[in-house]
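# Structural characterization, general
Now for the letters of each chain:
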Amino acid sequence: KAQSVHLKVELAGFKRQGEFDTKERKRLQEAKDELETRLKGVEVELKDASVSLFAAQEVEAGHLRRLATSVSLDQYRLDATATLDVRKQLMEGQAQISVERERAEMAEARLDKAVWRNHTRDLELNGLREAMRS
(Lines give C-alpha, C1' and ligand atoms only; values in the text may rest on other atoms or scores of the structure.)
Protein backbone atom coordinates (compact mmCIF):
# COMPACT_ATOMS: atom_id res chain seq x y z
CA LYS A 1 0.00 0.00 0.00
CA ALA A 2 2.81 2.38 0.78
CA GLN A 3 4.23 1.63 -2.58
CA SER A 4 0.87 2.35 -4.15
CA VAL A 5 0.66 5.69 -2.36
CA HIS A 6 4.19 6.44 -3.41
CA LEU A 7 3.33 5.59 -7.00
CA LYS A 8 0.22 7.76 -6.83
CA VAL A 9 2.25 10.68 -5.47
CA GLU A 10 4.87 10.13 -8.11
CA LEU A 11 2.17 9.89 -10.78
CA ALA A 12 0.56 13.08 -9.52
CA GLY A 13 4.00 14.76 -9.62
CA PHE A 14 4.53 13.63 -13.21
CA LYS A 15 1.03 14.82 -14.05
CA ARG A 16 1.68 18.25 -12.51
CA GLN A 17 5.06 18.40 -14.26
CA GLY A 18 3.33 17.48 -17.56
CA GLU A 19 0.70 20.18 -16.99
CA PHE A 20 3.43 22.68 -16.11
CA ASP A 21 5.43 21.69 -19.20
CA THR A 22 2.31 22.01 -21.37
CA LYS A 23 1.55 25.45 -19.90
CA GLU A 24 5.19 26.49 -20.32
CA ARG A 25 5.24 25.26 -23.97
CA LYS A 26 1.99 27.15 -24.58
CA ARG A 27 3.44 30.31 -22.94
CA LEU A 28 6.64 29.98 -24.96
CA GLN A 29 4.64 29.42 -28.19
CA GLU A 30 2.53 32.52 -27.43
CA ALA A 31 5.70 34.55 -26.76
CA LYS A 32 7.22 33.21 -30.00
CA ASP A 33 4.03 34.08 -31.93
CA GLU A 34 4.02 37.57 -30.39
CA LEU A 35 7.70 38.08 -31.31
CA GLU A 36 7.02 36.89 -34.87
CA THR A 37 4.09 39.32 -35.10
CA ARG A 38 6.29 42.14 -33.79
CA LEU A 39 9.03 41.13 -36.25
CA LYS A 40 6.57 41.27 -39.13
CA GLY A 41 5.45 44.70 -37.91
CA VAL A 42 9.05 45.89 -37.71
CA GLU A 43 9.72 44.48 -41.20
CA VAL A 44 6.68 46.40 -42.52
CA GLU A 45 7.89 49.56 -40.75
CA LEU A 46 11.36 49.03 -42.20
CA LYS A 47 9.92 48.57 -45.68
CA ASP A 48 7.78 51.72 -45.26
CA ALA A 49 10.81 53.61 -43.95
CA SER A 50 12.85 52.44 -46.96
CA VAL A 51 10.13 53.63 -49.31
CA SER A 52 9.92 56.94 -47.45
CA LEU A 53 13.71 57.27 -47.52
CA PHE A 54 13.80 56.60 -51.26
CA ALA A 55 11.03 59.16 -51.83
CA ALA A 56 12.86 61.69 -49.65
CA GLN A 57 16.08 61.05 -51.56
CA GLU A 58 14.25 61.61 -54.84
CA VAL A 59 12.78 64.86 -53.51
CA GLU A 60 16.23 65.91 -52.29
CA ALA A 61 17.74 65.08 -55.68
CA GLY A 62 15.03 67.17 -57.32
CA HIS A 63 15.78 70.05 -54.97
CA LEU A 64 19.49 69.72 -55.71
CA ARG A 65 18.81 69.72 -59.47
CA ARG A 66 16.63 72.82 -59.10
CA LEU A 67 19.27 74.43 -56.90
CA ALA A 68 21.99 73.63 -59.44
CA THR A 69 19.79 75.04 -62.20
CA SER A 70 19.06 78.07 -60.07
CA VAL A 71 22.74 78.56 -59.34
CA SER A 72 23.48 78.15 -63.05
CA LEU A 73 20.75 80.65 -63.87
CA ASP A 74 22.07 83.04 -61.23
CA GLN A 75 25.58 82.65 -62.64
CA TYR A 76 24.20 83.17 -66.15
CA ARG A 77 22.38 86.30 -64.99
CA LEU A 78 25.52 87.58 -63.29
CA ASP A 79 27.56 86.87 -66.42
CA ALA A 80 24.90 88.49 -68.61
CA THR A 81 24.81 91.53 -66.32
CA ALA A 82 28.60 91.79 -66.41
CA THR A 83 28.54 91.46 -70.20
CA LEU A 84 25.91 94.17 -70.45
CA ASP A 85 27.98 96.40 -68.17
CA VAL A 86 31.06 95.85 -70.34
CA ARG A 87 29.02 96.55 -73.48
CA LYS A 88 27.63 99.72 -71.91
CA GLN A 89 31.13 100.86 -70.99
CA LEU A 90 32.31 100.03 -74.52
CA MET A 91 29.46 102.01 -76.06
CA GLU A 92 30.15 104.93 -73.72
CA GLY A 93 33.83 104.76 -74.69
CA GLN A 94 32.91 104.64 -78.39
CA ALA A 95 30.57 107.61 -77.92
CA GLN A 96 33.33 109.52 -76.18
CA ILE A 97 35.75 108.64 -78.99
CA SER A 98 33.20 109.94 -81.52
CA VAL A 99 32.82 113.18 -79.56
CA GLU A 100 36.60 113.58 -79.37
CA ARG A 101 36.93 112.88 -83.11
CA GLU A 102 34.32 115.55 -83.84
CA ARG A 103 36.19 118.00 -81.63
CA ALA A 104 39.45 117.10 -83.37
CA GLU A 105 37.84 117.54 -86.80
CA MET A 106 36.37 120.89 -85.75
CA ALA A 107 39.72 122.01 -84.36
CA GLU A 108 41.45 120.85 -87.56
CA ALA A 109 38.87 122.76 -89.62
CA ARG A 110 39.45 125.90 -87.52
CA LEU A 111 43.19 125.42 -87.91
CA ASP A 112 42.87 124.99 -91.68
CA LYS A 113 40.71 128.12 -91.80
CA ALA A 114 43.23 130.06 -89.70
CA VAL A 115 46.09 128.84 -91.89
CA TRP A 116 44.14 129.83 -95.00
CA ARG A 117 43.43 133.31 -93.52
CA ASN A 118 47.08 133.71 -92.58
CA HIS A 119 48.16 132.63 -96.03
CA THR A 120 45.67 135.03 -97.61
CA ARG A 121 46.87 137.86 -95.35
CA ASP A 122 50.48 137.04 -96.19
CA LEU A 123 49.63 137.21 -99.86
CA GLU A 124 47.87 140.54 -99.36
CA LEU A 125 50.81 141.87 -97.34
CA ASN A 126 53.28 140.72 -99.99
CA GLY A 127 51.10 142.37 -102.65
CA LEU A 128 51.04 145.60 -100.65
CA ARG A 129 54.81 145.46 -100.13
CA GLU A 130 55.34 144.94 -103.82
CA ALA A 131 52.98 147.81 -104.57
CA MET A 132 54.85 150.09 -102.19
CA ARG A 133 58.19 149.26 -103.76
CA SER A 134 57.04 149.99 -107.17
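Criteria and thresholds
Residues numbered from 1 in each chain as written. Predicted model: local features only at pLDDT ≥ 70, side-chain atom pairs only at ≥ 80, totals over all residues. Heavy atoms only, no water. Helix = DSSP H or I, 4+ residues; strand = E, 2+ residues; numbered from the N terminus. Rg over C-alpha atoms; globule rule 2.2 N^0.38 Å. Buried < 20%, exposed > 50% of the residue type's maximum accessible area, 1.4 Å probe, protein only.

### Structural notes on the overall build of the protein
Looking only at helices and strands, one finds one helix and zero strands in the protein. The C-alpha radius of gyration computed for the protein amounts to 56 Å, which surpasses the reference 14 Å derived for 134 residues by more than 25%, pointing to a less compact arrangement than a globule. Across its three principal directions, the C-alpha atoms of the protein cover 195 × 20 × 5 Å. Burial status across the protein gives 1% buried among its 134 residues.

### Observations regarding the environment of lysine 26
Note that lysine 26 resides in helix H1 (residues 2-133). Overall, the relative accessible area of 55% leaves lysine 26 in the exposed class. Put simply, lysine 26 and alanine 55 are 29 residues apart on the chain and 43 Å apart in space, counted from C-alpha to C-alpha.

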